[in-house]
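Descriptive analysis of the structure
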Amino acid sequence: MEAYTGFAQVYDKFMDNIDYSAWCEYLIAILKDYNVDEGIILDLGCGTGNVTQILSKAGYDMIGVDNSYDMLNVAMEKRGNDESILYLLQDMRSFELYGTVAAVVSICDSMNYITEYRDLVQVFKLVNNYLDPGGIFIFDLKTKSSYEKIGESVIAEDRDECSFIWDNHFDTDENINEYQLSLFVKGDDDRYDKFTEWHYQRAYSLEEIKAALGEAGLEFVTAYNAFTKQKAEEDNDRIYVVAKEVMK
């Protein structure tokens, strides 16, 4: 089954442990470090729009792109009448915009879902194409260290309205993390519908990221240990990468 179909219904419930406000405070601080105080920002892999909405409330004109119809439906329901947010159903590897943007952001592992290096380069090329001259690209990544800690494991959570079983496997040779997600969602008739999804993510080294950015014409600026301004290290669980448009 396509990822984020059944999960879209309950995604926000299971992600309630993430402090999106704090994550966005950190993200906005980085944007302002590079003088992106206003303008249009693209949220690439926006999911249900949690980050998109917070950045919109912070004064940015937001575009959200995601390839999951179900996730975008949730995002648009939450958007309501806020016409300052434009959502587009598109694949990151082939997205198209109407013009350039001041910055592109992509967090919550979206880049890890690009499991082929050549596809990653293609995503970066499109980002480069749609950035304003000197525009900034900020994205996060789960690291190999993070996936190795999860390793071979089964995670389960039982709630009244929904439950899940997460069966995880990390291939240390291919650097591919695979997990089967079994969801049990309570319906209006009090019966539980089962959804099963398979998710695949890749752990990229920082050197691979730098090489892909270079191939795409973007300049690597820095990489931080997530939620700090400390230099990224191999044993960090999550890192934030900052790149810059330099060719226009």
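Right above here is the structure, for reference.
Structural notes, computed from the coordinates. This one's a predicted model, so the numbers in the text were calculated from it and none came from an experiment. (Residues numbered from 1 in each chain as written. Predicted model: local features only at pLDDT ≥ 70, side-chain atom pairs only at ≥ 80, totals over all residues. Heavy atoms only, no water.)

**Structural notes on unusual backbone geometry**
Although it is not a glycine, Asn-175 adopts a positive phi angle of roughly 60°. Of note, Asn-175 is situated in the loop between β7 (162–171) and β8 (176–186). Overall, the relative accessible area of 18% leaves Asn-175 in the buried class. Within the chain, Phe-227 stands out as a residue other than glycine whose phi angle is a positive 70°. Summarising the element assignment, Phe-227 is placed in the loop between β10 (218–225) and β11 (238–245). On the accessibility criterion, Phe-227 (37% relative accessible area) is partly exposed. (Helix = DSSP H or I, 4+ residues; strand = E, 2+ residues; numbered from the N terminus. Buried < 20%, exposed > 50% of the residue type's maximum accessible area, 1.4 Å probe, protein only.)

**Looking at the nonpolar core**
Ranked by internal contacts, the top residues of the largest apolar core, which has 35 residues, are Leu-44, Met-111, Phe-124 and Phe-137. Elements that contribute at least two residues to this core include exactly β1 (40–44), β2 (61–66), β4 (101–106), α5 (117–130), β5 (131–142), α7 (206–215), β10 and β11. For this core, the element with the most residues is α5, which contributes eight residues. In contact with Leu-44, other than residues within four places in its own chain, are Val-65, Met-92, Phe-95, Val-104, Val-105, Ser-106, Ser-110, Met-111, Val-123 and Val-127. Listed in part, the 31 residues of the second largest apolar core include Trp-23, Cys-108, Ala-226 and Tyr-240. (Core = buried A, V, L, I, M, F, W, Y, C linked by side-chain atoms within 4.5 Å. Contact = heavy atoms within 4.5 Å.)

**Quick word on the sheet that holds strand β9 (residues 192–202)**
Where strands meet in a sheet, backbone hydrogen bonds hold them as pairs that are either parallel or antiparallel. Read from one edge of the open sheet, four strands run β6-β7-β8-β9, paired in antiparallel fashion. Strand pairing shows two members of the sheet lacking a second neighbour, β6 (153–158) and β9, which therefore form its edges. Sheet twist, expressed as the mean angle between neighbouring strand axes with direction ignored, is 15°. Strand direction decides the pairing type here: β6 and β7, joined by six bridges, are antiparallel. Within β7, the position partnered with Ala-156 by the bridge is Ile-165. (Pairing = 2+ DSSP bridges. Axes fitted to C-alpha atoms, helices over the stretch in contact; angles between N-to-C directions.)

**Some remarks on the state of the cysteines**
Tallied over the full model, the rule gives zero disulfides. Cysteine Cys-24 is unpaired, with the sulfur of Cys-108 as its nearest cysteine sulfur at 8.4 Å. With no disulfide of its own, Cys-46 lies closest to Cys-108 among cysteine sulfurs, the gap being 11 Å. (Disulfide = S-S within 2.5 Å.)

**Re the pairing of β5**
Side-chain positions along a regular strand alternate between the two faces of the sheet. Burial runs high along β5: nine of the 12 residues are buried. Bridge count between β4 and β5: five bridges; the pairing is parallel. Looking across to β5, one finds that Ala-103 is bridged to Ile-136. Bridge count for β5 against β11 is seven bridges, and the pairing is antiparallel. Pairing of Asp-140 across the sheet is with Tyr-240, part of β11.

**Regarding the packing of helix α2 (residues 20–33) against helix α3 (residues 50–57)**
For the pair α2 and α3, interaxial distance at closest approach is 10 Å and the crossing angle is 60°. On the basis of the axis angle, α2 is oblique to α3. Here the hand of the crossing between α2 and α3 comes out right-handed. In this structure, α2 uses Tyr-20, Ser-21, Cys-24, Leu-27 and Ile-28 to contact α3, whose residues at the interface are Asn-50, Val-51, Ile-54 and Leu-55. Of the residues in the contact of α2 with α3, the class split is seven nonpolar, two polar and no charged. (Parallel < 35°, antiparallel > 145°, perpendicular 65-115°, else oblique. Left-handed = near helix turned anticlockwise from the far one by under 90°. Nonpolar A, V, L, I, M, F, W, Y, C, P; charged D, E, K, R; others polar.)

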